[in-house]
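Overview (structure and organization)
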Amino acid sequence: VPLQASGGGLVQAGGSLRLSCAASGRTFSRQTAGWFRQAPGKEREFVAAIRFSGGSTYYADSVKGRFTISGDNAKNTVYLQMNSLKPEDTAVYYCASDPSMILSSIRMSRMYKYWGQGTQVTVSS
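A brief structural summary.

Conventions we followed
- Residues numbered from 1 in each chain as written.
- Predicted model: local features only at pLDDT ≥ 70, side-chain atom pairs only at ≥ 80, totals over all residues.
- Heavy atoms only, no water.
- Pairing = 2+ DSSP bridges.
- Helix = DSSP H or I, 4+ residues; strand = E, 2+ residues; numbered from the N terminus.
- Axes fitted to C-alpha atoms, helices over the stretch in contact; angles between N-to-C directions.
- Buried < 20%, exposed > 50% of the residue type's maximum accessible area, 1.4 Å probe, protein only.
- Disulfide = S-S within 2.5 Å.

1. What about the sheet that holds strand E1 (residues 3-6)?
If you walk across this open sheet you meet the 4 strands as E1-E3-E8-E7, and the pairing is antiparallel. Every interior strand has two partners, whereas the edge strands, E1 and strand E7 (67-72), have only one. Neighbouring strand axes in the sheet, compared pairwise and without regard to direction, differ in orientation by 15° on average. Sheet topology note: the E7/strand E8 (residues 77-82) ladder contains 6 bridges and is antiparallel. Looking at the pairing, phenylalanine 67 lines up with methionine 82 of E8.

2. Considerations on the pairing of strand E11 (residues 119-124)
Burial along E11 is one-sided: the residues Thr119, Val121 and Val123 are buried and none of Gln120, Thr122 and Ser124 is. Where strand E2 (residues 9-12) meets E11, 4 bridges bridge the pair, whose relative direction is parallel. In the sheet register, glycine 9 faces E11, and the bridge partner there is valine 121. Pairing analysis gives 3 bridges linking strand E9 (residues 91-98) to E11, with the strands arranged antiparallel.

3. Structural notes on the state of the cysteines
Evaluated as defined, the whole model comprises 1 disulfide. A disulfide bridge connects cysteine 21 with cysteine 95, and the sulfur atoms are separated by 2.2 Å. On the sign convention where negative is left-handed, the bridge of cysteine 21 and cysteine 95, at about 65° about the S-S bond, is right-handed. Highlighted residues: cysteine 21 in strand E3 (residues 17-23) and cysteine 95 in strand E9, separated in sequence by 74 residues. On the basis of relative accessibility, which here comes to 1%, the residue cysteine 95 falls in the buried class.

4. A short note on the environment of lysine 75
With respect to the helices and strands, the residue lysine 75 is situated in the loop between E7 and E8. Accessibility expressed as a relative area gives 56% for lysine 75, which makes it exposed. Along the backbone, lysine 75 and phenylalanine 28 are 47 residues apart, and their C-alpha atoms lie at a distance of 9.5 Å.

5. So, the environment of lysine 42
Examined against the element boundaries, lysine 42 turns out to sit in the loop between strand E4 (32-38) and strand E5 (45-51). Under the relative-accessibility criterion, lysine 42 is labelled exposed at 58%. Residues lysine 42 and alanine 91 lie 49 residues apart in sequence; the distance between their C-alpha atoms is 9.5 Å.

Right under this line is the structure:
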């Protein structure tokens, strides 16, 4: 499932951004979609995920209460609404999906089959 991420940018601390991840060719139906991020010099880390079958969502502790992941089957798009942004949220954000993700692996980037290109998010203090 080719993925296209967009919506990154420069924002001041406390501000908001909404990232989008559009799937082309196929739908997110029955897939798990996730957002990961990678800051310079750091490993890629899990941010949030959603299971389209059932709508369950999962978050990293560092973003819980500030970020919201959602999906729109009709538009084949996954969103990441990011509020109360902090400078430490600065990173390249990647979307990913997998058709057969198991719950115990949902936070593991290596278990996702499809990836989009990254979109830069920069939060200034």
